[in-house]
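Residue-level structural notes
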Amino acid sequence: MNDSSTAEFADMRFVVLSGPSGSGKTTIVQRLLECSPVKLVKSVSATTRPPRKTERDGEDYYFLSAADFAARRAAGDFLECAEVHATGNWYGTLKSEVERARRLGAWALLEIDVQGALAVMRTAPQALTIFLRASSEADYAARLRHRGTDSEEVIQRRLANARKELEYSDCYKFQVVNDDLDHAVEEIVNIISSREAEIHAR
Ligand code: 5GP
C-alpha cells in the first residue's frame with residue numbers, strides 16, 4: 001500500500017464507503033449518484049481482477065494487467081492501493097480520478113475496502129468515512145449467493161473477509177445499516193448534506 005501526502009489533498013472532499021461484499025454498496029453508490037443534492041463524482045478504481053460479464057472497462061473499473069498496475073503503483077499514480085480478499089488481485093484509487101472530482105468542484109465518492117479506507121483516513125483525515133453493513137451474516141451470505149457471480153469458495157472467502165472488515169467498522173466516522181435501501185441512502189445523503197452545510201457556514 002502506498003500513501004500520499006496529506007497536503008496534496010487537503011482541500012478535497014471525499015466520501016469513502018466501505019462494507020463487506022453483500023452489504024449492498026454498489027446499489028447504494030448508484031442511488032447516491034442519482035439523488036444526492038451535493039455533486040458527487042464516483043472514482044472509478046483500477047483493478048487486476050478480470051471483468052465480470054456485465055462490467056465495462058472505464059465504467060465499472062479500469063481493468064489493468066498485473067504489470068501495468070505495478071508500473072502505475074511504482075509511478076505513484078495511486079492515492080491508495082491494496083491487495084483485496086487475499087485473491088492476489090490488486091485494487092486502487094487513481095489520483096487522476098480524485099483530481100477529476102476536484103476539477104468538477106465535486107465530492108469524490110470512493111467505494112473501497114477497509115485497507116484502502118484506512119489509508120485515505122491518513123491522507124485525507126477530513127474524508128467522510130461510512131461503513132455500510134447488513135444486519136446479519138446470514139443476510140450477507142444470501143446477497144452474495146443471489147448475485148450468482150462467485151463460486152462457493154469465493155463466497156466463503158468473502159464471508160471470512162467480511163468478519164475481518166467488521167472489526168474495523170469503529171474506525172469509520174459513520175456506520176449505516178443497509179436493511180432498507182431507501183433508508184440507508186437517505187441516511188448517507190443526510191450525512192453528506194450536513195457536512196456540506198457545515199463547510200458553507202464557516
Ligand atoms: P469486487 O471485486 O467485488 O468488485 O470488489 C472487491 C472489493 O474491492 C470490494 O470490497 C471493494 O470495495 C474493493 N475495492 C474496489 N475498488 C477499490 C479500490 O480502489 N481500492 C481498494 N482498496 N479497494 C477497492
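Just above, that's the structure.
Residues numbered from 1 in each chain as written. Predicted model: local features only at pLDDT ≥ 70, side-chain atom pairs only at ≥ 80, totals over all residues. Heavy atoms only, no water.

1. Considerations on the environment of A106
- The residue A106 is located in the loop between α3 (95–103) and β7 (107–111) in this model.
- Owing to a relative accessible area of 7%, A106 belongs among the buried residues under this scheme.
- Spatially, the C-alpha atoms of A106 and V38 are 7.7 Å apart, while their sequence positions differ by 68 residues.
- In this view, A106 contacts R13, K39, L40, V41 and A101; residues no more than four positions away in its chain are not counted. (Helix = DSSP H or I, 4+ residues; strand = E, 2+ residues; numbered from the N terminus. Buried < 20%, exposed > 50% of the residue type's maximum accessible area, 1.4 Å probe, protein only. Contact = heavy atoms within 4.5 Å.)

2. Describing helix α4 (residues 114–123)
- Extensive coverage of α4 is indicated by the burial of seven of its 10 residues.
- Looking at the buried positions of α4, the neighbouring elements they touch are β1 (14–18), β5 (78–83), β7, β8 (128–133) and α6 (152–166).

3. Some remarks on the layout of surface pockets
- Computed from the structure, the largest pocket encloses a volume of approximately 950 Å³.
- Along the walls of the largest pocket sit 38 residues, with T26, R52, Y61, E111 and R147 positioned nearest its centre.
- Of all the elements in the fold, those that place two or more residues in the lining of the largest pocket are α1 (25–35), β5, β6 (90–94), α5 (137–147) and α6.
- The element that contributes the greatest number of residues to the lining of the largest pocket is α1, accounting for four residues.
- Broken down by class, the residue content of the lining of the largest pocket amounts to seven nonpolar, 17 polar and 14 charged. (1 Å grid on protein atoms, 1.4 Å probe; cavity = no way out; pocket = protein on both sides within 12 Å on 5 of 7 lines; lining within 4 Å. Points joined across faces, edges and corners; volume = space filled by probe spheres on them. Nonpolar A, V, L, I, M, F, W, Y, C, P; charged D, E, K, R; others polar.)

4. Remarks on the pairing of β6
- Most of β6 is tucked away, with four of its five residues classed as buried.
- Of the pairings in the sheet, the one linking strand β3 (residues 46–47) to β6 comprises two bridges and is antiparallel in character. Within β6, the position partnered with T47 by the bridge is Y91.
- Sheet topology note: the β5/β6 ladder contains five bridges and is antiparallel. Across the sheet, C81 pairs through a bridge with G92, a residue of β6.
- Connecting the antiparallel pair β5 and β6 is a turn made up of six residues, with H85 showing a positive phi of about 65 degrees. (Pairing = 2+ DSSP bridges.)

5. With respect to the sheet that holds β6
- Taken in spatial order, the four strands of this open sheet run β4-β3-β6-β5, and their pairing is mixed. Each having just a single partner strand, β4 (62–63) and β5 make up the two edges of the open sheet.
- Here two bridges tie β3 to β4, and the two strands are oriented parallel to one another. Each residue of the ladder has a partner; that of T47, found in β4, is F63.
- With respect to the sheet, α3 is in contact with β4, β5 and β6, its orientation differing from that of β6 by roughly 35 degrees. (Axes fitted to C-alpha atoms, helices over the stretch in contact; angles between N-to-C directions.)

6. A short note on the site of the ligand
- The ligand sits among 16 residues. The nearest are S45, R49, Y61, Y91 and D113.
- Contact distances for the ligand include 3.1 Å between an oxygen atom and a side-chain N or O atom of K25.
- Contact distances for the ligand include 2.7 Å between a nitrogen atom and a side-chain N or O atom of D113.
- For the ligand, whose free accessible area comes to 510 Å², the fraction covered by protein is 95%.
- Taking a 2 Å distance to the grid points as the criterion, the majority of the atoms of the ligand fall inside the largest pocket.
- The element best represented in the shell around the ligand is β6, accounting for three residues.
- When grouped by side-chain class, the residues that make up the shell around the ligand number four nonpolar, five polar and seven charged. (Near = heavy atom within 4 Å. Polar contact = N/O pair within 3.5 Å; in protein donor to acceptor, adjacent residues only side chain to side chain. Areas by Shrake-Rupley, 256 points an atom, 1.4 Å probe, with all protein chains shown as cover. Sits in = over half its atoms within 2 Å of the grid points.)

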